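Structural overview
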Amino acid sequence: MEMPKVTRRTFLKVSAGSGAAVAAAPRLLHAMEADLGGKDFGPVTMAERKAIPINCHVCNIQDGAIAYVENDRVVKLEGNPEHVSTRGRLCAKGNAGMWYSYDPDRIMFPMKRVGARGEGKWKRITWDEALTELARKLDAALKEDPNTIMLKYGRQRTGGVIDRFMHTLGTATLLNHTSVCESSKKVGMEPTWGPDIETPDFANAKYVLNFGSNILEAAYFHNPLSQRITEGRVDNHMKIVTFDVRLSNTAGFSDEWIPVHPGTDGAVALAMGHVILRENLQDSEFINTWTNVTVDELKAHYKQYTPEWAEKISGVPAASIERIAIEFASTKPATLFTYRGPAKHLYGSYNEKACMMLPIMTGNIETRGGYCLPRGMGWPQPQPQPPKPAHGSYLADHPDYPLAAHKVSHLVPFWIADGKQKINVYISYQDNPVYTNPGAMAVWGKLFKDEKLIPYYVSMSPFMGEETALADLILPDCPYLERWEPESMPNSLWPWVGIRQPVHKSLGESRENRIMMRDIIWKLDPDGKRGMKKFWNFKDGEDYMRHHFDNIPGLKEAGGLDFMKKHGVWPIYGKLDPKSGKVVDKTGREIKAEYGLFKKELSAADMAGTTVDGHGTIMKNGAAIGVRRNGRNYVGFPTGNRVINVRIDQWAEYGFNPMPTFKRIPWHETMKEDELIMTTFKLNVHKQSRTAAVKWLAEIAHSNPMWINQATANKIGVKTGDLVRVESKVGYLVTKAYVTEGIHPKTVAIPTGFGHWEYGRLATLKLKEKKAEYSHGQDDADLNNVWWDDKGVHPNNIIPAVADPIGGSQGWYDTVVKVTKAGPTDKYGDTQGDWEKHYAAYKETLRYAYTGDLHRKMHPEMASWAGPASVKHKTGGGH
Amino acid sequence: MLTELLLETPTKVSHGGAPHLLPTRLAIDELRARADVYRLLSGVFVEEPSAAFLDALRRPESLGQLAEAGLRFDGDFIEASIDVLVEQLAIEYTTLFANSGGFPPVESVRLFGRFKQEPNFETMQTYRRLGFVLHPGRFEVFADQIGVELMFVAELLDRSAAALASGDAADAKRLEKEIKRFWVQHLGRWVRGYAQLIERSAEHSYFREMARFLRGFAAEEIEAMELRVEDADQARLVVPKAEVKVEFNPDEPVCNGCVSETIERQGGAQTLHDLR
Ligand code: SF4
């Protein structure tokens, strides 16, 4: 018998023609984690390992996980197959989470500084000694003014404990990290439609516009959305177009990567809106019914944003804008996703708004395969609760940024230095601004080292981060595998609540945050006479969780906390099908999401006692609860008027353009020929600042050469591996170049998460040079082989502060730099930032605030605005 | 006393009431003396030394004995006032053993690079099996912390002495086996290298000399018990190649396939003896 002749061409043909048969062929090899359904066995003992459902917290996507425990330690982490968003899969970071608990550099006892700040001299003290000292400092601060007690958190998922603590003390000086994260995305969205994020239904979409988001590696909600976007791409044959300055893996996975000049995504989006409206491809009924503008108003407004105008600004050819706009508007369903790309700029809120207008004007809101509202769940708080503080805090609610509902925390060092608010006790919780914020050591390091500005600094941390190294007192917090925390995250179309529960007793004398805060309050108010103790009336973390989970309707009947401890998540929507990787119902069909949430109708009971105003807004007890349209009473969108606010009147009050608009970054317009824009990005195996010491991840990625375009590199005579000197207006650094076509020629990009000077031996490689003496882990194949000696270079010293005058975001991608081949005195890893120069940059960015002198210049279209003095409401923003 | 705080013996060892079978005073004394050294070293490393502990150590008779054992403390230990010494050693203890970037005196970290790995579980199992419960001292300690491991052996030695004193040689033998097993499975695998590391890294002569003492004592114990156990802690000294004495030419190829040329050039075969 003649053998069939198989060449590459023939088997490609066979593959193309036999798709259906391939799909129907039996698949005997399934992913083990899905097949075993939450079980695991020791390879040596073959004994079933104890499976404890938890919520991953290596990063903030909050996937459901299972910790497998053998001999009282976590030996493996895996996705929780009962979790509707995670569906049994974790990313690389999630798999490596146990390294946090067992890190040899973990701090497990309270420690008191004994040398100069930052000198590295510490003394271990008992909890009682630590609490006594801290209570004394807090007491003194309380006597002067509660607001002199400041707490700034980075990642906090305590479910309300931090607010309870600060409210108990009566201080409003509570700061977060959001302005260096995504705040302008939030502020671009919240006044428009209510929530601060969207849920793109990738799995069912036919067309996706992705602006500056690296879904497959880093963005919100990396793991669940990676699964869905892959499904949409493979099973649903959807098209993806990615606008990004860099060829990320998501851009590479897309059908088209459109390199865009940094900070100009908004112009591209507006021009696409222009094309859609010009071609009459909008969903008129949706616009007229569900937004606060008419189609005619929108058309008139968008007329100015031509593709040619956008091409000049963004470098994206007008023809591409035309084509993609038409494709997007004429393909249904279509969705859009953004993350930091558009938002982390001087006018990031405008950019975000411009992007979200595309699904709005095409009516892709809350449709299957469209751009959906986020779904989340809440939990009740233990009672009684402390009242909110009596007086506001300048630092937490800065009057120059009234619309920045998520604060402008990266400007705090300058405000403190300016004497705007006195601080007596500074507490940080999971927050490392000395590393993560613009100016890094040059700004935050200088602040923390100044004992006049920060007389007493307490760090609640399990690790010696760059910030903790500058503290006066360290209170050892627990890593996530040893904490009790309630959780919910809108990371798929199904709402859920989850639990983080300790997998074993916390190591050493670490205490989880809610316990240490309780102990501080108990120390301050031992007999309850000061009225503080009553808010902290719980035995332990589990007891606290009972207050949350035993009181959620539905979950309560299912078993409350006991159910959560067993399953880790509620509700359980179905079973994970090991073949398809999808959650299915009893009949084997994939469970369906609910769409059209805003079209839910109010019941007669809801309507009792309501009034309806001229715009159809249904009011009850002074609040809008719905909107009447075509004689029906809908719940609408969670905004003040229950519709989508294309026009945000509140913005106009402060002299900002209330309609979708774009503002070019002035210093980008005047860039010289040899100047470039420096951006940063995250790799798939690291998060911002806390994974460099995780061996499995550090081994995969431990250094961060700067991406530079081939043509640009040619001009300065640089090849991959060459040292380059990167200079901005506030400092310089020396790093290695990675020459690639995969980046916009006017941009360079440095990954973040590397170049630590603290954070333990693996992050700093400090002990590496003394390997023979100091290395350890002979029995551990992983640690016995730390083969690299390049830890990378951290870029933040040379990034100046920029604040979006609306959303308050740091303009991470606005830094203009000059890149040259390194000189003979330049050494790899050199980096220098200058406080004076950073301070000058801060002063410059204040000029763009609504109270600043450049605000009006940037908004000629708002000529009729009567100036800052005309503003009636001094605070606002958000929802 | 630290031992009482840390290792509690809830069950009394039964000596079976056997008649005293030639319990040599000498053997019992030696067991007790060894137990004392273990306990002393445990006290050094298990937590920051207290004023009472340091006072006792600085008594002339103790110092004399330690000097006889070859320990050479500097003025920072001998001359400092007790308050200053307590404070300085607390800081040095934190730097060496409790702070990030230090060298946790914990077997799991030394051999597996992380806290709470197999040695922690195994030692806890062993303590439990032999009727011990681990209690915190001034601070929580891991079951595989050096001070606890040393204290465990001290307890077994005391029991062994008690067994001999009550004529239960079989029990003493069984305990001796337990001690040997514990050395082979745990202490022997890391304390010598680790002690060397501390000896080199300590800034205060107290920890430097005590680490030296620990290293010497460990080597002595291993030899006396006739154990063969390799120290796997990478902190052990790497002996320079020039100082390695070999019974054969280390550069000599091990197969015969390609030696002839060199040997022929050297004028024929040589015996291994000549190459020493
Ligand atoms: S994306 Fe990865 S690290 Fe983040 S929560 Fe999910 S599994 Fe954990």
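Just so it is clear, the model here is predicted, and its values are computed rather than measured. (Residues numbered from 1 in each chain as written. Chains lettered and ligands numbered in written order. Predicted model: local features only at pLDDT ≥ 70, side-chain atom pairs only at ≥ 80, totals over all residues. Heavy atoms only, no water.)

Looking at the layout of surface pockets
Residues and elements named next belong to chain A. Worth spelling out the cut-off: With a 1 Å grid laid over protein atoms only, a set of points is called a cavity when a 1.4 Å probe fits there but cannot get out and a pocket when it is open yet has protein on both sides within 12 Å along at least five of seven lines; lining residues have an atom within 4 Å of a point. Grid points are joined across faces, edges and corners, and a volume is the space filled by probe spheres set on the points. Counting from the N terminus, the helices are the DSSP runs of H or I reaching at least four residues and the strands are the DSSP runs of E reaching at least two. When residues are sorted by character, Ala, Val, Leu, Ile, Met, Phe, Trp, Tyr, Cys and Pro go into the nonpolar class, Asp, Glu, Lys and Arg into the charged class, and all the rest, Gly among them, into the polar class.
When its volume is computed, the largest pocket comes out at roughly 1500 Å³. For the largest pocket, the lining is made up of 50 residues, of which Tyr 153, Arg 157, Lys 186, Asp 196 and His 406 are closest to its centre. Elements represented by at least two residues in the lining of the largest pocket include exactly helix 7 (161-169), helix 8 (183-193) and strand 17 (485-487). The residue inventory of the lining of the largest pocket, partitioned by class, reads 17 nonpolar, 21 polar and twelve charged.

With respect to the site of the ligand
Residue and element names in this part refer to chain A. Condition: Note on definitions. A residue lies near a molecule or strand when any single heavy atom of the residue is within 4 Å of it.
The local shell around the ligand consists of Cys 56, Val 58, Cys 59, Ile 61, Gln 62, Asp 63, Leu 90, Cys 91, Lys 93, Gly 94, His 222 and Asn 223. Of all the secondary-structure elements, those providing two or more residues to the shell around the ligand are helix 4 (92-95) and helix 9 (222-235). Considering only residue class, the shell around the ligand consists of six nonpolar, four polar and two charged.

Section: the domain arrangement of chain A
Residue and element names in this part refer to chain A. Quick note on the threshold: An automatic or database domain assignment supplies the start and end points of every domain. In this description, contact between two residues means that some pair of their heavy atoms is separated by no more than 4.5 Å. What counts as buried area is the accessible surface, traced by a 1.4 Å probe, that two parts surrender upon association, with contributions from both included. What counts as a salt bridge is simple: a side-chain nitrogen of Lys or Arg found within 4 Å of a carboxyl oxygen of Asp or Glu. Counted as a polar contact is a pair of N or O atoms within 3.5 Å, where, for protein atoms, one must be capable of donating a hydrogen and the other of accepting one, and residues adjacent in sequence contribute only when both atoms are in side chains.
The domain boundaries assigned to chain A delineate domain 1 (111-181 + 394-540), domain 2 (183-372), domain 3 (599-636) and domain 4 (666-846). Computed over C-alpha atoms, the centres of domain 1 and domain 4 are 28 Å apart. Listed as interface residues are 35 residues of domain 1 and, on the opposing side, 36 residues of domain 4. Among the residues domain 1 hides against domain 4, the three largest losses belong to Tyr 401, Phe 414 and Tyr 435. Together they make up 24% of the total. The interface formed by domain 1 and domain 4 holds one salt bridge in total. Seen at the junction of domain 1 and domain 4, the total is 22 residue pairs in polar contact (both at pLDDT 80 or more). Elements that contribute at least two residues to the side of domain 1 that touches domain 4 include exactly helix 18 (412-417), helix 19 (433-436) and helix 20 (440-449). Looking at which element gives the most residues to the side of domain 1 that touches domain 4, the answer is helix 20, with five residues.

Focus: the sheet that holds strand 19 (residues 569-570) of chain A
All names here are of chain A. Applicable threshold: Strand pairing requires that DSSP identify at least two bridges connecting the strands.
Taken together, the three strands give an open sheet; going across it, the order is 17-18-19, and neighbouring strands pair in antiparallel fashion. Pairing within the sheet leaves two strands with one partner each, and these edge strands are strand 17 and strand 19. With two bridges connecting them, strand 18 (residues 497-500) and strand 19 associate as antiparallel partners. Paired with Val 497 across the bridge in strand 19 is Trp 570.

Let's talk about the nonpolar core
Under the convention used in this document: For the purposes of this section, nonpolar cores are sets of buried Ala, Val, Leu, Ile, Met, Phe, Trp, Tyr and Cys residues that join through side-chain atoms within 4.5 Å. Partly exposed describes any residue whose relative accessible area lies between the buried limit of under 20% and the exposed limit of over 50%, with all areas from a 1.4 Å probe on protein chains only and scaled to the type maximum.
One finds Tyr 38, Phe 45, Trp 183, Tyr 206, Phe 207 and Met 210 of chain B to be the most contacted residues of the largest nonpolar core, which totals 68 residues. Secondary structure elements with two or more residues in this core: helix 2 (25-46), helix 3 (51-57), helix 4 (60-68), helix 6 (82-98), helix 7 (107-112), helix 9 (146-165), helix 10 (169-201) and helix 11 (205-224) of chain B. The element best represented in this core is helix 10 of chain B, accounting for twelve residues. Beyond its immediate stretch of four places on either side in the chain, Met 210 of chain B contacts Leu 41, Val 44, Phe 45, Leu 57, Leu 66, Leu 71, Phe 73 and Ser 205 of chain B. By size, the runner-up hydrophobic cluster in this structure holds 55 residues, among which are Trp 193, Ala 271, Val 275 and Met 356 of chain A.

Some remarks on unusual backbone geometry
Of note, the bond from Tyr 220 of chain A into Phe 221 of chain A is cis; its omega dihedral lies within 30 degrees of zero at -15 degrees. Relative to the assigned elements, Phe 221 of chain A resides in the loop between strand 9 (207-211) and helix 9. Residues other than glycine seldom take positive phi values, yet Arg 642 of chain A does so here, at roughly 70 degrees. By the element assignment, Arg 642 of chain A lies in the loop between strand 25 (632-634) and helix 26 (649-653). With a phi angle near 55 degrees, Glu 226 of chain B is a residue other than glycine that sits in the positive phi range. As for its position among the elements, Glu 226 of chain B is in the loop between helix 11 and helix 12 (260-265).

Thoughts on the confidence of the model for chain B
Residues and elements named next belong to chain B. Rule in force here: pLDDT measures how confident the predictor is about each residue, on a scale from 0 to 100.
Of the residues in chain B, 76% reach a pLDDT of 70 or more, and the chain-wide mean stands at 82. Across residues 1-6, where pLDDT falls below 50, the model places 19 contacts with residues more than four positions away in sequence or in other chains. Predicted confidence is poor over residues 8-22, with pLDDT under 50, and the contacts of this stretch with residues over four places away or in other chains come to 32 contacts. Across the interfaces of the predicted complex, the ipTM metric reaches 0.91, alongside a pTM of 0.91.

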